[in-house]
Amino acid sequence: MIRVKFSALAFAAMALVAASALAALAQDEADQPKPPRQDWTFSGMFGIYDKAQLQRGFQVYKEVCSTCHALSIPFRTLADPDGPGFTEDQVKTLAATYQVTNAEPNEKGEIFKRPATPADLIPRPEAYPNDQAAAATLGKAPPDMALLAKALKYERGFPWFVFDALPGLEYQEMGADYIHAILTGYTKPDDLQWNLYYPGHKIAMPQPITNGAVDYKDGTPPTLDNYAKDIAAFLSWAAEPNLTERKRIGLRVMIFLFVFAALLYLTKKRIWEWVH
């Protein structure tokens, strides 16, 4: 009888603790909501990048984000056929519009600037040639955007993270979701540094882009939501440009393993059938 009472009390205590934990979790999510999950063409086992979207995303970076943020990738990668897919002539023309410091001095021993080539990295913003200069002006150096989509993460919590790891349901696009959420999370017009999804709701970056800020040439509506999705997709590609090739290789390996397993089974059955 005593054991039954003790078990009932223990169960009640565990239920109370679980209820308290769930209530605390619900309160935390109400105060700090998770970034909404978006639909991305590059998610899932067979996902690939949308070339037009990446080109629009680069346009958003060039016209808005590059004012403060560096993007340490070579110009030539913009011609990646699995990525933005700009032509070689387009990349050469684009690179030539930037000035970079030559690695070697000229005949007089002078360091000089020259037009960039496709082999050069995209230069840092002219106003902030290094992190120290950016921090002195802005209080903190804006992060380099090359790996931003992989650096930004959030926990989806139990049991969702389990499903995110299952074949066919896997989801690794939290960074893109986070970028989209941050850019669309400025919900207080009277406070341009209040952000719904940024931890603590205060972000050093004032709202960087609004509806109509970038004129798309392909007819895509110039809305904040589209800007946020396009730059998030572009930064996802910049962080993982080999994603499409990696998925192709993975699919070939899986097909090989299935065929190999089937051949092993048939071989075993043929060799040992005399035993039966």
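Relevant structure appears above.
Please read all numbers here as calculations on a predicted model, not as lab measurements. (Residues numbered from 1 in each chain as written. Predicted model: local features only at pLDDT ≥ 70, side-chain atom pairs only at ≥ 80, totals over all residues. Heavy atoms only, no water.)

Bringing the nonpolar core into the picture now. Counting 52 residues, the largest nonpolar core has Y61, L71, L78, I231, F234 and L235 as the members making the most contacts within it. At 11 residues, the largest contribution of residues to this core is made by helix α8 (residues 224–239). (Core = buried A, V, L, I, M, F, W, Y, C linked by side-chain atoms within 4.5 Å. Buried < 20%, exposed > 50% of the residue type's maximum accessible area, 1.4 Å probe, protein only. Helix = DSSP H or I, 4+ residues; strand = E, 2+ residues; numbered from the N terminus.)

With that settled, consider the pattern of salt bridges. In a structure, side chains of opposite charge can pair up when their charged atoms sit close to one another. This structure, assessed with the given rule, holds 10 salt bridges. Where R248 meets E245, a salt bridge forms, and the shortest distance between an N and an O atom there is 2.7 Å. Of this pair, R248 and E245 are both found in helix α9 (residues 243–272), three residues apart, which corresponds to roughly one turn of the helix. On the basis of relative accessible area, R248 is assigned to the partly exposed category, the value being 32%. It is possible to trace a salt-bridge network through shared partners that takes in R56, D218 and D230. (Salt bridge = Lys/Arg side-chain N within 4 Å of Asp/Glu carboxyl O.)

Where helix α2 (residues 51–63) meets α8, the closest approach of the two axes is 7 Å, and the angle between their N-to-C directions is 100 degrees. As summarised for this structure, α2 and α8 are arranged roughly perpendicular, according to the angle between their axes. Together, Q53, L54, R56, G57, F58, V60 and Y61 of α2 and Y227, K229, D230, I231, A233, F234 and W237 of α8 make up the contact between the two elements. Along the lines of polarity and charge, the residues of the contact of α2 with α8 split into nine nonpolar, two polar and three charged. (Axes fitted to C-alpha atoms, helices over the stretch in contact; angles between N-to-C directions. Parallel < 35°, antiparallel > 145°, perpendicular 65-115°, else oblique. Contact = heavy atoms within 4.5 Å. Nonpolar A, V, L, I, M, F, W, Y, C, P; charged D, E, K, R; others polar.)

Let us now look at unusual backbone geometry. Not every positive phi belongs to a glycine, and H201 is a case in point at roughly 70 degrees. With respect to the helices and strands, H201 occurs in the loop between α7 (174–184) and α8.

It is the contact of α7 with α8, at a shortest axis distance of 8 Å, that shows an interaxial angle of 150 degrees. When the axes of α7 and α8 are compared, the crossing they make is right-handed. Side by side, α7 and α8 meet where A176, I179, H180, L183 and T184 of the first sit next to L224, D225, A228, K229, I231, A232, L235 and S236 of the second. Here the contact of α7 with α8 is built from residues that sort into eight nonpolar, three polar and two charged. (Left-handed = near helix turned anticlockwise from the far one by under 90°.)

Nothing here speaks to function; it is geometry throughout.
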